[in-house]
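Coordinate inspection notes
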Amino acid sequence: MEGMRILLCLFALALPARGQAPARRPPPAAFETQLVHASPGALSPVDDLLAALRDSSDRQKQISAMDQLALSAARLTMEEQLRVVAALREAYDNPVNEGGVRGRALDTIGKSAVWFKDLGAVRDAVTALTEAAHVDNPSDARSSLRVYALLGLSRAAGHLLWTDERTEELVVLTGLDGIRDARTAQEKLLSMMVFSNYVESRGAGVVWRNPNLAERAEEQILRPCEGALDSLYSDAKSNSDFRYFLMRGLNALAWTIGTRGDLRFRVGQIFRRMSDREPDARLRELARIYAARIGR
């Protein structure tokens, strides 16, 4: 509840004037602020941080090492970026590590990948996060860490360096899979954040170029809003935070250049219905703004 109140308060402050489109979000403010104010001289050498990360006898030292690795991400060499992703993935996979450390390793991959300039490191980061997000075996302890993979991917999805079509498709597919298969409201929210953050940043071209992804977006995003909108509001997992990112994702789908001609009209209709049905006043206003921007 506290997270939802904070999100909605920030949204209220950022809500644009009547008739204007919402501004695109900047990179993660808290992390960016920390990076600007961190003193490079206060950060330990990468080799020391990786050694601390591998020391499973001292949880606090591992956590501190991951915090410093995230702060160091922008100044790492290409070779160091690859080593950091490999070490964080190893920390996640290592059953000796405490669960919080393993989850934190996934989140740190997402935080760090935002700043990576090496294409191989970006691919490795996306692969690590998407594979971890798909672990769904009750007998595998990593299954309980899926939420951390989605958190890490949601941080990175809107800011990743372009790599290749397959890597981009993996991000979208993981978001859609998470929306469909979420076990909790938090997993569903983070999965929608992955999808929404990606299409807002990149556009939905990769969705419409891939027939499977296009059908998935139709089946999971568009058609439910067109044919069964009431079910969105009766689903306990589809809370106001989820609907906020759903609206942003729908808007990005509508404005992607080269999409089918009727798509923008369909999304406009969805927003008009949402502006009547939405119980949250702030989200009603957002739906109204998006509908007005698309027009009739």
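Our structure's up above, just so we're on the same page.
Below you will find a few notes about this structure. (Residues numbered from 1 in each chain as written. Predicted model: local features only at pLDDT ≥ 70, side-chain atom pairs only at ≥ 80, totals over all residues. Heavy atoms only, no water.)

If you tally the helices and strands in the protein, you get 16 helices and zero strands. Counting across all 296 residues of the protein, residues that qualify as buried make up 52%. Within the protein, contacts between residues at least 6 apart in sequence are counted, and of these 73% link residues at least 24 apart. Of the roughly 13400 Å² that the protein leaves accessible, carbon and sulfur atoms contribute 54%. (Helix = DSSP H or I, 4+ residues; strand = E, 2+ residues; numbered from the N terminus. Buried < 20%, exposed > 50% of the residue type's maximum accessible area, 1.4 Å probe, protein only. Contact = heavy atoms within 4.5 Å. Areas by Shrake-Rupley, 256 points an atom, 1.4 Å probe, with all protein chains shown as cover.)

What follows concerns the environment of Gly-203. Tracing the backbone through its elements, the reader meets Gly-203 in the loop between α10 (185–202) and α11 (205–209). Taking the C-alpha atoms as reference points, Gly-203 and Leu-253, separated by 50 residues in sequence, lie 7.0 Å from one another. Every residue in contact with Gly-203, bar those within four places of it in the chain, is listed here: Tyr-198 and Thr-256.

Here the structure, examined in full by the defined rule, presents 30 salt bridges. Here Asp-164 and Arg-123 are joined by a salt bridge, their closest N and O atoms 2.5 Å apart. Linking Asp-164 in the loop between α8 (146–156) and α9 (165–181) with Arg-123 in helix α7 (residues 119–133), this pair joins segments that are 41 residues apart in sequence. Several salt bridges converge on common partners, so that one network encompasses Glu-215, Glu-218, Arg-223, Glu-226 and Arg-266. (Salt bridge = Lys/Arg side-chain N within 4 Å of Asp/Glu carboxyl O.)

On to the nonpolar core, then. If you look at the biggest cluster of nonpolar residues, it comprises 89 residues, and the most contacted ones within it are Leu-250, Phe-271 and Met-274. For this core, the element with the most residues is helix α14 (residues 240–255), which contributes nine residues. The contact partners of Leu-250, leaving out residues within four places of it in the chain, are Ile-221, Leu-222, Cys-225, Val-267, Ile-270, Phe-271 and Met-274. (Core = buried A, V, L, I, M, F, W, Y, C linked by side-chain atoms within 4.5 Å.)

Before going further, it helps to spend a moment on the packing of helix α6 (residues 99–113) against α7. Describing two packed helices takes the angle between their axes plus the distance from one axis to the other. Viewed as axis vectors pointing N to C, α6 and α7 meet at an angle of 145°, and their least axial separation amounts to 10 Å. The crossing of α6 and α7 is left-handed. When α6 is examined against α7, the residues Leu-106, Ile-109, Gly-110 and Ala-113 are found in contact with a partner set consisting of Ala-125, Ala-128, Leu-129 and Ala-132. (Axes fitted to C-alpha atoms, helices over the stretch in contact; angles between N-to-C directions. Left-handed = near helix turned anticlockwise from the far one by under 90°.)

Moving on: α14. With 16 residues, α14 should reach 22 Å at 1.5 Å per residue; the first-to-last C-alpha distance of 23 Å fits that figure. Within α14, 15 of the 16 residues are buried, leaving the element largely enclosed by the surrounding structure. For α14, the N-terminal capping position is held by Asn-239, with its side-chain oxygen 3.2 Å away from the main-chain nitrogen of Asp-241. (Expected span 1.5 Å × (residues − 1). Polar contact = N/O pair within 3.5 Å; in protein donor to acceptor, adjacent residues only side chain to side chain.)

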